[in-house]
Amino acid sequence: MNALTNPSSDNALDTRHDWKVQEIEALFEKPFMELVFEAAHTHRLYHDPNEVQLSQLISIKTGGCAEDCGYCSQSSKHAKTTGLKAEKLMEVERVLDAAKKAKEGGATRYCMGAAWTSPKDRDMDSLLAMVKGVKDLGLESCMTLGMLNQAQTAQLADAGLDYYNHNVDTSEEFYGEIITTRSYQERLDTLELVRENGINVCSGGIVGMGEKRRDRAGMLKTLANLPVHPDSVPINMLVAVPGTPLEHVKKMDPFEFVRTIAVARLLMPKAEVRLSAGRQEMSEECQALCFMAGASSIFYGDQLLTTPNPENNKDLALMQKLGMHAQAPKEAQGCKRQTAAE
Ligand code: SAM
Ligand code: DTB
Ligand code: SF4
């Protein structure tokens, strides 16, 4: 029986927060066509399948990070081998100039990323000015700054931050192979603070780091079993940055990537599932399959944080070939609104 032949299954999938990893593995194990078909069906219940939400990234504070995430070009632990130089926090005006260009290019959400364990209180005034400035431009605002404390989260919420990105990255079991300087629980604690302060949660992870399918299922289990499904779920394919410990990890089968998108869609039907890092090396056909399997969003613009992303023209041409269009700008919605996912 599948989602179409079982009339109760849509609702059953919709509201669940009690997934067991074996159940999720069973979804991964379905015949590819059946899995993609079911995910495409679920996708159509809540999303326009021809629409793509465009989020643009900027690195507002690059490099010199004290954490040791094995995939990351910005950890100071890998600086000798990556050659990446640490920079200071960008000036507010430069960030807003770039945001204006992103809007002119067609992005509707602007995601500001900082290579920090957590923000310092002395940086908060600049960060809050960035949030307000981005919202004044009519863009949705998103930040990813590492771990937050209650006071910082409340300040960001009061400034009107729409989304906070904080990824669980992988399964709890595999996590220690990739990151040793902060715990899985600390990540979940930050997500809880963000949710409690009324900021929309953006949380996903990375695949292609040498993890097993069970870990991909475990990562999605963590996300789907949060008290509220994340509003946005970025699924990153590892960008194997030279000089990082994961530089030589074996590339993942693109069909397994599509399966991961499909399962994310089935578990979190209303979320924005974002086809995130890794598109530069992904074929157009693979990206099209991801859209079929329920991806509803991309990172747009020729740069991610420190690595390249497809140029706007290339993405617009792909969307045109597929008969897809960009999501219209929403009224920049303040925080504390009803979340999209529940
Ligand atoms: N420092 C903050 C943190 O880690 O929470 C924010 C920025 S961090 C770069 C945001 C996310 O980008 C990471 O959690 C990870 O999921 C993703 N990411 C970083 N480097 C990546 C890479 N080489 N390939 C794919 N995803 C990556
Ligand atoms: C997310 O999940 N992926 C983005 C964003 N959130 C911050 C970052 C991708 C980074 C890819 C590697 C780089 O450019 O440094
Ligand atoms: Fe630092 Fe974030 Fe990179 Fe980890 S992923 S090293 S926390 S910038």
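Residues numbered from 1 in each chain as written. Chains lettered and ligands numbered in written order. Predicted model: local features only at pLDDT ≥ 70, side-chain atom pairs only at ≥ 80, totals over all residues. Heavy atoms only, no water.

S.K.: Could you give an account of the site of ligand 2, with specific residues and numbers?
M.R.: Every one of the 13 residues lining ligand 2 counts as a neighbour, but Asn167, Asn236, Leu305, Thr306 and Thr307 are closest to it. In this structure, Asn167 approaches ligand 2 through a side-chain N or O atom, which is 2.8 Å from an oxygen atom. Here an oxygen atom of ligand 2 and a backbone polar atom of Leu305 are 3.0 Å apart. For ligand 2, whose free accessible area comes to 400 Å², the fraction covered by protein is 86%. (Near = heavy atom within 4 Å. Polar contact = N/O pair within 3.5 Å; in protein donor to acceptor, adjacent residues only side chain to side chain. Areas by Shrake-Rupley, 256 points an atom, 1.4 Å probe, with all protein chains shown as cover.)

S.K.: How would you explain empty space enclosed by the protein if you had to name every residue and give the values?
M.R.: This model, assessed by the stated rule, comprises 2 cavities of 30 Å³ or more. Of the volumes computed, that of the largest cavity is approximately 830 Å³. As for the largest cavity, its lining consists of 39 residues, of which Tyr71, Cys72, Gln74, Asn167 and Leu305 are closest to the centre. When contributions to the lining of the largest cavity are tallied by element, the ones reaching two or more residues are β2 (109-114), β3 (140-144) and β7 (232-237). Residues belonging to the lining of the largest cavity are distributed by class as follows: 22 nonpolar, 12 polar and 5 charged. Quantified by volume, the second largest cavity comes out at close to 30 Å³. For the second largest cavity, the full set of lining residues is Arg279, Gln287, Phe291, Ile298, Asp315, Leu318 and Met319. Those elements that provide at least two residues to the lining of the second largest cavity are α12 (284-292) and α13 (312-322). A total of 3 residues in the lining of the second largest cavity trace back to one element, the largest contributor, which is α13. For the lining of the second largest cavity, the residue count by class is 4 nonpolar, 1 polar and 2 charged. (1 Å grid on protein atoms, 1.4 Å probe; cavity = no way out; pocket = protein on both sides within 12 Å on 5 of 7 lines; lining within 4 Å. Points joined across faces, edges and corners; volume = space filled by probe spheres on them. Helix = DSSP H or I, 4+ residues; strand = E, 2+ residues; numbered from the N terminus. Nonpolar A, V, L, I, M, F, W, Y, C, P; charged D, E, K, R; others polar.)

Interpretation note: all reported values are geometric properties and have no functional meaning in isolation.
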